[in-house]
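# Residue-level structural notes
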Amino acid sequence: MADQVTSYIPLVEPASLEDLSQISNELKLGIAEHENKDYLEVVNGWLKSCDGLRLIEEETVPVLYPRIPGVKPARKDNPYNAWATKVTIKGEDSGLLAGKTVAIKDNVFVAGTLLTNGSKIWEGYTPEFDGTVVTRILQAGGTILGKSTCENQCCSGNSFTSASGPVLNPADQTRSAGGSSSGSAVLIAAGEVDMAIGGDQGGSIRLPSSWCGCVGLKPTFGLVPVTGSLGLEPSIDYLGPMASNVTDVAKLLEVIAGYDGGRDHRQNPHVTIPKYSHLLKGDLTGVKLGYVKEGYEHATPGVKSAMADVINLMTNCGAVVEEVSIPLHLQCSPLFTISLTSQHHTMIECNGQPPGYNELYSVSAMQHFKQAFKSRAHDLSPTVKAMSLFGEYLKRKDGSMLVGRAMNCRPVLRRAYNDVLEKYDALIMPTIPFVATKLPPAELTPAEFEKHTLFNTGNTAPFNLSGHPALTINIGTALPEDADPMKLDDAVKLPVGLQIVCKHYEEVKLLDIAFGVEKIIAQGSKSSS
Ligand SMILES: NC(=O)c1ccccc1
């Protein structure tokens, strides 16, 4: 039939008189009972006109590389619980990622492969197209080995909230791997993949990278398209590269960065993508670094000492490191709380994809979420439930003004960092002021649960709000504060991450500084062994 184009039009029943009179009463629209039938004609006329959608083709994303559905590996093949699903997808024979294996965080679409987003809510959902980053990895010759476990709806900086159970830190399996891209970091640290895609709304790339000893980059807002992934809140959603070294992070960034033809409203079409991986020199001579006092004051002695060591090495290589103060850095946590919690509720009300953006929507994901949320919202984690409660409460109490007020602080925060970045090439601070904590016990009250999920984002979330690119790189290890003082000789030292932050779109400089740090750390460990 010539007039039949699209596959699927979501069904909405025609309105009844009762529907309209109920809504107009609730909204106090001042519509008289006898007028309702006129309004019914207008409303149902609009609804009828929506049938016309059938005549217009829908933007679809072709799946370019064949694959078979994945499988969840058996426990013995998944010692850290870092794989959500294993599926091998081979890309082009050549390209920047030829020979590289990649894991994809389980909030990103891999067509034909189950997606869980760490939550039972998504049980049974299979996306029908690939996230843009997935397509780009395959086009660049990468081989995808599967989906990595992530925290429940990505709402945690720890690694115990996934519906499939805790993800274990390879350095000490009683400890957290960090999250929410927990599996991505663990698979890199355990040597199961070369690289991984992570997602980050408050630190979820950098937190697990830091605690597992990887390199992880949250790019400038909008540099990497998030098309074909499940977000939390459109103004703090990011995808980015993770790997065991700076060169691989630069390569993966080079492949996934860049304009996606308008499928992601966050992107600027005029940004050109440098060949990041060709531009690494690692010369720290004359590089000016601002050591953010507020990001460091609360660090544990072990983390402070690792930071002091790396600063010493950097200074020996000609870098200039000076303490800087940015008081807002410590004061902006309510901005994150408001974006994450109340705005996340908006996402839930909109089935994960708020209307009004000029971008690609996954209608199947919206449909799945809608049905699942109706029947099994009880399966969400206590943190996500608390976010729903808070968001709905704010909505009922006109809290949207609070959201607006908080959003208006964002440019001020951005300027506070930019003012300092006028005088320094980069800001530095520990990514997390303490090393990996013990995985919590299974039975937690909602308040304890919340504490264990939102406790480590103090230095990371500000840059989700400000949009700056922020990278974490391992600078050594430290003893955990809670190590048994009687058994210090047996205690495992755990990775410490250095966070480096540059101006918007200065990923070349950021990666180059990180490359310099990587070099001196490698030299340092050579000379000390
Ligand atoms: N998705 C995130 O980045 C996140 C991190 C930590 C806590 C909550 C969310």
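Throughout this document, residue positions are counted from 1 along each chain, in the order its sequence is written. Owing to the predicted nature of the model, reporting of local features is limited to residues with pLDDT of at least 70; listing and counting of side-chain atom pairs is limited to 80 or more, with chain, interface and lining totals taken over all residues. Excluding hydrogens and water, the side-chain figures rest on all heavy atoms present in the structure.

### Quick notes on the overall build of the chain
By the criteria applied, helices consist of DSSP H or I runs no shorter than four residues and strands consist of E runs no shorter than two, each listed in order from the N terminus. Counting secondary structure elements, the chain contains 16 helices and 13 strands. With the radius of gyration taken over C-alpha atoms, the globule rule is written as 2.2 Å times the number of residues to the power 0.38. Taking 529 residues into account, the globule formula puts the C-alpha radius of gyration at 24 Å, and the chain, at 24 Å, falls close to it. Counting every atom, the chain has about 22,900 Å² of accessible surface; 56% of that belongs to carbon and sulfur. Neither His nor the chain ends contribute to the count of charged residues, in which Lys and Arg are positive and Asp and Glu negative. A single reference atom marks each charge: NZ on Lys, CZ on Arg, CG on Asp, CD on Glu. Charged side chains in the chain number 46 positive and 57 negative. The centres of these two groups are separated by 3 Å. Methods summary: accessible areas were calculated by the Shrake-Rupley approach with a probe of 1.4 Å, and residue burial reflects only the protein chains presented.

### A closer look at the packing of helix α9 (residues 333-349) against helix α11 (residues 382-396)
Angles here are taken between N-to-C directions and fall from 0 to 180 degrees, while the axes themselves are lines fitted to C-alpha atoms, restricted in helices to the stretch in contact. Interhelical geometry of α9 versus α11 gives an angle of 90 degrees and a closest axis separation of 7 Å. In this view, α9 runs roughly perpendicular relative to α11, as classed from their interaxial angle. Here L340, T341, S342, H344, H345, I348 and E349 of α9 lie close against α11, whose contacting residues are V384, M387, S388, F390, G391, E392, L394 and K395. For the contact of α9 with α11, the class distribution of residues is six nonpolar, six polar and three charged. Angles below 35 degrees are treated as roughly parallel, those above 145 as roughly antiparallel, those between 65 and 115 as roughly perpendicular, and all remaining angles as oblique. Contact definition: two residues touch when any of their heavy atoms are within 4.5 Å. Residue polarity is assigned by list, with Asp, Glu, Lys and Arg as charged and Ala, Val, Leu, Ile, Met, Phe, Trp, Tyr, Cys and Pro as nonpolar; anything else, Gly included, falls into the polar class.

### Side note on the site of the ligand
The ligand sits among 15 residues. The nearest are C154, Q201, G202, G203 and S204. Counting of polar contacts relies on pairs of N or O atoms within 3.5 Å, with two restrictions inside protein: one atom must be capable of donating a hydrogen and the other of accepting it, and residues adjacent in sequence are counted only when both atoms are side-chain atoms. The contact in question runs from an oxygen atom of the ligand to an N or O atom on the backbone of G202, over 2.5 Å. With respect to the ligand, the side chain of S204 contributes an N or O atom lying 2.6 Å from an oxygen atom. Burial of the ligand by the protein amounts to 100% of the accessible area it has alone, namely 260 Å². A class-by-class count of the residues in the shell around the ligand yields five nonpolar, nine polar and one charged. Near, as used in this document, describes a residue that has one of its heavy atoms within 4 Å of the molecule or strand being considered.

### Comments concerning the packing of aromatic side chains
The description of an aromatic ring pair uses the distance of the two centres, along with the angle that the planes make with each other. Stacked, edge-to-face and tilted labels apply to pairs of Phe, Tyr and Trp rings (six-membered ring for Trp) whose centres lie within 6.5 Å, assigned for plane angles under 30 degrees, over 60, and everything in between, in that order. One pass over the structure, following the stated rule, counts 12 aromatic pairs. Each residue in the set F109, W122, Y125, F129, F369 and F373 is aromatic and connected to the rest through ring pairs, giving one cluster. Taking the ring centre of Y424 as reference, the NZ or CZ of K288 above it sits at 4.9 Å. Note on geometry: a ring has a charge over it if NZ (lysine) or CZ (arginine) is within 6 Å of the ring centre and within 35 degrees of the ring normal. Lying over the aromatic face of Y296, K304 brings its terminal NZ or CZ to 5.3 Å of the ring centre.

### Considerations on the pairing of strand β8 (residues 239-243)
Along any regular strand, the residues point their side chains to alternate faces of the sheet. Think of it in three bands: residues with accessible area under 20% of the maximum for their type are buried, residues over 50% are exposed, and the middle band is partly exposed, with areas taken using a 1.4 Å probe on protein chains only. The element β8 is extensively covered by neighbouring structure, given that five of its five residues are classed as buried. The alternating pattern of β8 places L239, P241 and A243 on one face and G240 and M242 on the opposite face, and all of these are buried. Inspection of the sheet shows strand β6 (residues 195-199) paired to β8 by five bridges, in the antiparallel sense. From the neighbouring strand, A196 faces β8, where its bridge partner is M242. Two strands are said to pair when DSSP picks up at least two bridges between them. For strand β7 (residues 215-218) and β8, the ladder comprises two bridges, and the chain directions are antiparallel.

### Quick notes on the confidence of the model for the chain
Low pLDDT means the predicted coordinates in that region are not meant to be read closely. Taken as a whole, the chain shows an average pLDDT of 94; of its residues, 98% reach a score of 70 or greater. Reported for the predicted complex are a pTM of 0.96 and an ipTM of 0.99. Per residue, pLDDT measures the predictor's confidence, with a range of 0 to 100.

### Remarks on the sheet that holds strand β13 (residues 494-501)
Sheet architecture is open: 11 strands sit in the order β1-β3-β2-β6-β8-β7-β12-β13-β11-β9-β10, paired in mixed fashion. The sheet is open, and its two edges are formed by β1 (83-90) and β10 (320-324), each paired on a single side. Adjacent strand axes in the sheet meet at a mean angle of 25 degrees when their direction is disregarded. Sheet topology places β1 next to strand β3 (residues 143-148); five bridges connect them, and they run antiparallel. Bridge assignment links K86 to a residue of β3, and that residue is G146. Strands β10, β11 (426-430) and β13 of the sheet are contacted by helix α13 (residues 410-421), whose axis makes an angle of about 110 degrees with β11.

### Notes on a nonpolar patch on the surface
By definition, no residue in a patch forms a salt bridge, and every one has over 30% relative accessible area; like charges are joined within 9 Å, nonpolar side chains (Val, Leu, Ile, Met, Phe, Trp, Tyr) within 5 Å. The rule for a salt bridge is simple: a side-chain nitrogen of Lys or Arg has to be within 4 Å of a carboxyl oxygen of Asp or Glu. A contiguous nonpolar surface patch, about 300 Å² in accessible area, is contributed by I23, L27 and L29. Following the sequence through the fold, I23 ends up in helix α1 (residues 17-26). Given a relative accessible area of 44%, I23 falls into the partly exposed group.

### Focus on the environment of L239
The residue L239 is located in strand β8 in this model. Non-local contacts of L239, meaning those with residues more than four positions away in its chain, are made with V108, V133, G198, G199, I205, P219, V224, P225, V226 and S229.

### Notes on the pattern of salt bridges
One pass over the structure, following the stated rule, counts 24 salt bridges. Between E59 and R263 there is a salt bridge, and its shortest N-O distance comes to 2.9 Å. Residue E59 is located in the loop between α2 (36-49) and β1, and its partner R263 is located in the loop between α6 (246-256) and β9 (288-292); the two are separated by 204 residues in the primary sequence. Put simply, R175 and D482 hold a salt bridge, and the shortest N to O gap is 2.8 Å. Placement of the pair is R175 in strand β5 (residues 172-176) and D482 in the loop between β12 (470-478) and β13, with a sequence separation of 307 residues. Judged by its relative accessible area of 3%, R175 falls in the buried class. Each of D237, D264, R266 and E359 takes part in a single network of salt bridges with overlapping partners.

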